[in-house]
Amino acid sequence: MNLKHKTNVWVNHRLITKEQQKEILKQEDRRFLPFVLLSFLWSGILCFLIGVVSFLRAHWLEIPSSIKSGSFLIIAIGVGITIFYAMKNHKKFLLEIALFIAFLMIGGGIGLCAQLFNLPLESHQGLLLWSVLSFLLAYISKKEFLFLLWIPLFLGGLLGFLKLELLLLFFEQSPVFTTSLLSGVLLLVIYVSKNFQNKYISSCYKWAVALYIGILFLGDNSIKSVMEGFVLFSFFMLLLLSLSIKERRIYLFNVVSFFLLLRLVYLYTELSHNPHITGVGFLSLGIGILALSFVWYLIENKIK
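1. Some details on the overall build of the chain
Here comes step 1: When its secondary structure is counted, the chain shows 12 helices and zero strands.
Here comes step 2: Taken from the N to the C terminus, the helices and strands of the chain come in the order α-α-α-α-α-α-α-α-α-α-α-α.
Here comes step 3: Against the globule reference of 19 Å for 304 residues, the chain gives a C-alpha radius of gyration of 25 Å, more extended than a compact globule.
Here comes step 4: Each principal axis of the C-alpha distribution contributes one length, and for the chain these read about 75 × 60 × 35 Å.
Here comes step 5: Look at the contacts in the chain between residues 6 or more apart in sequence, and 61% of them connect residues 24 or more apart.

2. Examining helix α11 (residues 250–271)
One full turn of an α-helix is made of 3.6 residues, so residues set three or four places apart face in the same direction.
Here comes step 1: Taking 1.5 Å as the rise per residue, α11 with 22 residues should run 32 Å; its terminal C-alpha atoms sit 31 Å apart, in good agreement.
Here comes step 2: Among all positions in α11, only Leu252, Val256, Ser257, Leu260, Arg263, Leu264 and Leu267 are buried. Down the axis of α11, the buried side of the element spans an arc of 125 degrees, and every buried residue falls inside it. Pointing more than 90 degrees away from the buried face of α11 are the exposed residues Ile250, Tyr251, Leu261 and Val265.

3. Observations concerning the packing of helix α3 (residues 65–88) against helix α4 (residues 92–116)
Here comes step 1: The N-to-C vectors of α3 and α4 enclose an angle of 155 degrees; their axes lie 9 Å apart at closest approach. By the angle class used here, α3 and α4 are roughly antiparallel. At the point where α3 passes α4, the crossing takes the left-handed sense. Every residue of α4 that contacts α3 at Ser65, Lys68, Ser69, Phe72, Ile75, Ala76, Val79, Thr82, Ile83, Tyr85, Ala86 and Met87 is listed here: Leu94, Leu95, Ala98, Leu99, Ile101, Ala102, Met105, Gly108, Gly109, Leu112, Gln115 and Leu116.

4. Considering the pattern of salt bridges
If charged atoms from side chains of opposite charge come close, those side chains can pair.
Here comes step 1: Applying the stated criterion across every chain, the model contains five salt bridges.
Here comes step 2: Between Lys206 and Glu144 there is a salt bridge, with its nearest N and O atoms 2.6 Å apart. Taken together, the residues span a long stretch of sequence, with Lys206 in helix α9 (residues 199–222) and Glu144 in the loop between α5 (123–140) and α6 (145–161) at a distance of 62 residues.
Here comes step 3: For Lys206, a relative accessible area of 41% gives the class partly exposed.
Here comes step 4: What makes Glu144 buried here is its relative accessible area of 17%.
Here comes step 5: When the shortest N-O distance is used, the salt bridge between Glu270 and Arg263 registers 3.2 Å.
Here comes step 6: Residue Arg263 is classed as buried on the basis of its relative accessible area, which comes to 1%.
Here comes step 7: Residues participating in the shared-partner salt-bridge network are Lys194, Lys246 and Glu247.

5. Details of the nonpolar core
Here comes step 1: Judged by nonpolar contacts, the single largest core of 23 residues is most densely connected at Ile83, Leu99, Phe103, Trp130, Leu137, Leu146 and Trp150.
Here comes step 2: Counting only elements with at least two residues in this core, the list comes to α2 (18–59), α3, α4, α5 and α6.
Here comes step 3: Per-element accounting of this core gives the leading share, 10 residues, to α4.
Here comes step 4: Excluding residues that lie within four positions of it along the chain, Ile83 makes contacts with Leu95, Ala98, Leu99, Ala102 and Leu137.

6. A short note on the packing of α9 against helix α10 (residues 226–246)
Packed helices, taken two at a time, are described by their axes: the angle between them and the distance between them.
Here comes step 1: Taken N-terminus to C-terminus, the directions of α9 and α10 make an angle of 165 degrees; their axes are 8 Å apart at the nearest point. The angle between α9 and α10 falls in the class roughly antiparallel. Every pair of crossing elements has a handedness; the one defined by α9 and α10 is right-handed. Of the residues in α10, those touching α9 at Val209, Tyr212, Ile213, Leu216, Phe217, Gly219 and Asp220 are Gly229, Phe230, Leu232, Phe233, Phe236, Met237, Leu239 and Leu240.
Here comes step 2: Residues belonging to the contact of α9 with α10 are distributed by class as follows: 12 nonpolar, two polar and one charged.

So, how was this worked out
- Residues numbered from 1 in each chain as written.
- Predicted model: local features only at pLDDT ≥ 70, side-chain atom pairs only at ≥ 80, totals over all residues.
- Heavy atoms only, no water.
- Helix = DSSP H or I, 4+ residues; strand = E, 2+ residues; numbered from the N terminus.
- Rg over C-alpha atoms; globule rule 2.2 N^0.38 Å.
- Contact = heavy atoms within 4.5 Å.
- Expected span 1.5 Å × (residues − 1).
- Buried < 20%, exposed > 50% of the residue type's maximum accessible area, 1.4 Å probe, protein only.
- Arc of directions from axis to C-beta.
- Axes fitted to C-alpha atoms, helices over the stretch in contact; angles between N-to-C directions.
- Parallel < 35°, antiparallel > 145°, perpendicular 65-115°, else oblique.
- Left-handed = near helix turned anticlockwise from the far one by under 90°.
- Salt bridge = Lys/Arg side-chain N within 4 Å of Asp/Glu carboxyl O.
- Core = buried A, V, L, I, M, F, W, Y, C linked by side-chain atoms within 4.5 Å.
- Nonpolar A, V, L, I, M, F, W, Y, C, P; charged D, E, K, R; others polar.

What follows is the structure in structure tokens.
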């Protein structure tokens, strides 16, 4: 239910007046429209940059090193001046655009230096260096977007140094224990950070949810038994679903529900070689869920 329909219900139940509804909708429009405009702007910038990168990649070997480094230096100085100007004159829109471009340029600059000077830089080292050099930009930005981009850079670099293959080996050797341990830690992070409005903690919350789901898929895939993997995945996803219901987090509820349904579809493909048993299993599961829903509905009505 969108806000207009929701406030109509409030007006009909005399919780708010018609004038208050209009003010609420106006306030929501003031918040929503700039967000939409900024989203289109980011999308346009990203498409433009992808086009530039694609064009440069096609002709990269034909461009002399002096032109590469000189062009990069000129653009970097221009972006730096733009950031300084935007901060001094309180141009928030311009500042966010310049910070985003600077953020991408740091990664491009690391790759350019590694190529021009033949630096033995591995991918995880480059990611970690990028995250260190760009942290100030993510800190300056008033939007959550840059910090959301910064977190996977840092985690990617850190996991590279900690040897990701060892983590995958733990999943192969002890999938239930590894999945339970990592999921438990991430669930704790989600629970602690769920109510913070701070952009850094809010970004950590969102990435914790994404990593939580990713870990469950990885653990599920590491277990050879189809049903054991499904039970493990479903158990931890239902824990997160319970949290979303308790905290009235609709977006989190929708995300978790989507991946649970996705896992059910995948389970059907895994068991499709025996349609009789699969049919009985899904019928039983469906009846169980419908019965639970009916009981819940009766309890809710009685409470009301």
